[in-house]
Amino acid sequence: MSESFEPKNIIVTGGCGFIGSNFVRWMVANHPECHVTVLDKLTYAGNPKNIAGLPESQVELVVGDICDADLLDRIVPGHDAIVHYAAESHNDNSIFDPEPFVRTNVVGTYRLLHVAGRYDIRYHHVSTDEVYGDLDLDEPRRFEPDDPYKPSSPYSSTKASSDLLVRAWHRTYGIRATISNCSNNYGPYQHVEKFIPRQITNVLCGIRPKLYGTGKNVRDWIHTEDHSRAVWDILAKGRIGETYLIGANGERSNIDVLRSILSAMGQPEDAFDWVRDRPGHDRRYSIDSAKLEDELGWRPIHADFGEGLDQTIEWYRDHESWWRPAKETTERKYAAQGQ
Ligand code: NAD
Ligand code: DAU
């Protein structure tokens, strides 16, 4: 049976990143009764502009590291929930420099679990479908919550490690925890290192989009606002100790997504470059979100991927000052990697 919980004062880690900031903006729009403390280190991926203009009475930003135990001891007491988004999140970066991933994703999660236990705070852990490894392109199967963990990359193995810590801390110390594993998000405010914004901003800059390998790899796309609604539903109504998968039936090959971007932006469908594949590149992700839908009544609202993509392209056209500062460095880094 679901347990009902009405948080009034939550900590959102990584609330200046792509998905965490969407959750913070969604909270302001939908739950004005709840105060949000954002804890964010402001790495290259964190941008305070993502939560700028929100009411100071409802949202406070603390700039700091989730690995800093003293800081956590100072700021966590008095809150009734931690929603943990903060992570090093990009696979390609993890392949070339894994250490920050081990530190933030594993040690950082350990520190948060420790403090959640000490002050008996409800804890929700935001994770990824990549912990389950990958599927064959034509396999008639989707990921399910109890599937074995088989991560492929340094990034996904650190996320898998963090999930296992959460499961153990729930069982051994009784932490009131839930876990969600979501598929690939898209929408506004996503860093230009990621697939969809990289290609959109490449076109806007007159650079040819870049496709890895064969382009046949499949990702299961979900609009980030649907992810935020699901996280709230799990926090408020989810069963303690459970894992919920979040996905919106959005499977598409990379080449199909790229062709949709090119077509929506008035480019020929072959106006891109094939580049070096990602080592260990996962073939396909596919989410079965039946548990979330059946138990908690969640449904995706942004079910039309084409419409969501058009709105996302529009957002990047209108917000060049937001993405421009990161573009050159990001492309220089990719070029050095042959990507
Ligand atoms: P992001 O890289 O855009 O944002 C990460 C945020 O965490 C940034 O604001 C960064 O400054 C902050 N951060 C990093 N290290 C920190 C530390 N040590 N202390 C405090 N803050 C720190 O990531 P995202 O794409 O928004 O992903 C957010 C979460 O969702 C991650 O846990 C990721 O694994 C998970 N997730 C992402 C996707 C996706 O498609 N992007 C899908 C499923 C799950
Ligand atoms: O599945 C959830 C995961 O989705 C999250 O856990 C990660 O944080 C998030 O980054 C994302 O991981 P992916 O590796 O799937 O996303 P990325 O945007 O890096 O790449 C999507 C696909 O596009 C992947 O198959 C690699 C390919 N790609 C990527 C880039 C950046 C290209 O073909 N060209 C590119 O330029």
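Preceding block: the structure.
Our subject in this report is the structure included herewith. Note that this is a predicted model, so its numbers are computed, not measured.

### A few points about the environment of H281
For step 1, the next point in the chain: Take H281: it is sitting in the loop between β13 (273–275) and α9 (290–296).
For step 2, the next point in the chain: We classify H281 as buried; its relative accessible area is 11%.
For step 3, the next point in the chain: Expressed as a C-alpha distance, the spacing of H281 and S152, which sit 129 residues apart in the sequence, is 8.0 Å.
For step 4, the next point in the chain: Every residue in contact with H281, bar those within four places of it in the chain, is listed here: D134, Y212, N217, R219 and N254.

### Things to note about the environment of W323
For step 1, the next point in the chain: Among the secondary structure elements, W323 is positioned in helix α11 (residues 320–336).
For step 2, the next point in the chain: Looking at W323, the relative accessible area reads 2%, which means it is buried.
For step 3, the next point in the chain: The spatial distance from the C-alpha of W323 to the C-alpha of Y189 is 8.3 Å, given a sequence separation of 134 residues.
For step 4, the next point in the chain: Those residues in contact with W323 that lie beyond four places of it in its chain are V192, T201, L204, C205 and Y316.

### Thoughts on the sheet that holds strand β1 (residues 9–13)
For step 1, the next point in the chain: The seven strands lie next to each other as β3-β2-β1-β4-β5-β6-β11, forming an open sheet whose pairing is parallel. Looking at strand neighbours, the two that pair on one side only are β3 (59–63) and β11 (243–246), the edges of this open sheet. Taken over all neighbouring pairs, the strand axes of this sheet differ in orientation by 20 degrees on average, direction set aside.
For step 2, the next point in the chain: In this structure, β1 lies alongside strand β4 (residues 81–84), joined through four bridges in parallel fashion. Bridge assignment links I10 to a residue of β4, and that residue is A81.
For step 3, the next point in the chain: Packing against the sheet, helix α5 (residues 154–173) makes contact with β5 (122–128), β6 (177–182) and β11, and its axis sits at approximately 155 degrees to β5.

### A short note on the nonpolar core
For step 1, the next point in the chain: The biggest cluster of nonpolar side chains holds 33 residues, and the ones touching the most others in it are I10, F23, V83 and I246.
For step 2, the next point in the chain: Broken down by secondary-structure element, the contributors of at least two residues to this core are β1, α1 (18–30), β2 (35–40), β4, α7 (224–237), β11 and α9.
For step 3, the next point in the chain: For this core, the leading source of residues is α7, giving six residues.
For step 4, the next point in the chain: Residue contacts for I10: discarding those within four places in its chain leaves F23, M27, C34, H35, V36, T37, H79, D80, A81 and V83.
For step 5, the next point in the chain: Y189, V257, L258 and I261 belong to the second-largest nonpolar core, a separate cluster that totals 25 residues.

### Concerning the side chain of K159
For step 1, the next point in the chain: In this fold, K159 is placed in helix α5.
For step 2, the next point in the chain: Of the side chains with opposite charge, D163 comes closest to the buried, unpaired K159, at an N-O distance of 5.8 Å.
For step 3, the next point in the chain: A distance of 3.0 Å separates a polar side-chain atom of K159 from the backbone oxygen of V126.
For step 4, the next point in the chain: Excluding residues within four positions of it along the chain, K159 makes contact with A87, N105, V126, S127, T128 and V131.

### Considering the site of ligand 1
For step 1, the next point in the chain: Surveying the vicinity of ligand 1 reveals 29 residues, the closest of which are I19, D40, S89, Y155 and K159.
For step 2, the next point in the chain: In this structure, an oxygen atom belonging to ligand 1 sits 3.0 Å away from a main-chain N or O atom of T43.
For step 3, the next point in the chain: Relative to its free-state accessible area of 840 Å², ligand 1 is covered by the protein chains to the extent of 97%.
For step 4, the next point in the chain: Elements that contribute at least two residues to the shell around ligand 1 include exactly α1, β5 and α5.
For step 5, the next point in the chain: The element best represented in the shell around ligand 1 is β5, accounting for three residues.
For step 6, the next point in the chain: Here the residues of the shell around ligand 1 are counted per class, giving twelve nonpolar, twelve polar and five charged.

### Some details on the pattern of salt bridges
For step 1, the next point in the chain: With the rule as written, the count across this model stands at 25 salt bridges.
For step 2, the next point in the chain: Residues E193 and K194 are paired through a salt bridge, measuring 3.7 Å at the closest nitrogen-oxygen approach. Like K194, E193 is buried.
For step 3, the next point in the chain: Salt-bridge contacts for E328 lead to R332; the nearest nitrogen and oxygen are separated by 3.3 Å. A residue pair is termed a helical-turn pair when its members lie 3 or 4 positions apart in one helix, as E328 and R332 do in helix α11 at four residues. Note on accessibility: E328 and R332 belong to one class, exposed.

### Here's the deal with the packing of aromatic side chains
For step 1, the next point in the chain: In the structure shown here, the tally under the stated rule is 16 aromatic pairs.
For step 2, the next point in the chain: With a centroid separation of 6.3 Å and 45 degrees between ring planes, the pair formed by W26 and W232 is classed as tilted. On the criterion of sequence distance, the pair formed by W26 in helix α1 and W232 in helix α7 is long-range, its members being 206 residues apart. Each member of the pair W26 and W232 is classed as buried.

### Topic: the site of ligand 2
For step 1, the next point in the chain: Taken together, 25 residues sit near ligand 2, with T128, D129, Y155, R278 and H281 positioned nearest.
For step 2, the next point in the chain: One nitrogen or oxygen atom from the side chain of T128 is found 2.7 Å from an oxygen atom belonging to ligand 2.
For step 3, the next point in the chain: N254 is positioned with one of its side-chain polar atoms (N or O) 2.8 Å from an oxygen atom of ligand 2.
For step 4, the next point in the chain: For ligand 2, whose unbound accessible area comes to 690 Å², protein coverage reaches 95%.
For step 5, the next point in the chain: Broken down by secondary-structure element, the contributors of at least two residues to the shell around ligand 2 are α6 (195–205) and β8 (210–212).
For step 6, the next point in the chain: Residues belonging to the shell around ligand 2 are distributed by class as follows: seven nonpolar, ten polar and eight charged.

Rules of the game
Residues numbered from 1 in each chain as written. Chains lettered and ligands numbered in written order. Predicted model: local features only at pLDDT ≥ 70, side-chain atom pairs only at ≥ 80, totals over all residues. Heavy atoms only, no water. Helix = DSSP H or I, 4+ residues; strand = E, 2+ residues; numbered from the N terminus. Buried < 20%, exposed > 50% of the residue type's maximum accessible area, 1.4 Å probe, protein only. Contact = heavy atoms within 4.5 Å. Pairing = 2+ DSSP bridges. Axes fitted to C-alpha atoms, helices over the stretch in contact; angles between N-to-C directions. Core = buried A, V, L, I, M, F, W, Y, C linked by side-chain atoms within 4.5 Å. Lys, Arg positive; Asp, Glu negative; His and termini not counted. Salt bridge = Lys/Arg side-chain N within 4 Å of Asp/Glu carboxyl O. Polar contact = N/O pair within 3.5 Å; in protein donor to acceptor, adjacent residues only side chain to side chain. Near = heavy atom within 4 Å. Areas by Shrake-Rupley, 256 points an atom, 1.4 Å probe, with all protein chains shown as cover. Nonpolar A, V, L, I, M, F, W, Y, C, P; charged D, E, K, R; others polar. Phe/Tyr/Trp six-rings, centres within 6.5 Å; stacked < 30°, edge-to-face > 60°.

Distances and angles like these do not, on their own, reveal function.
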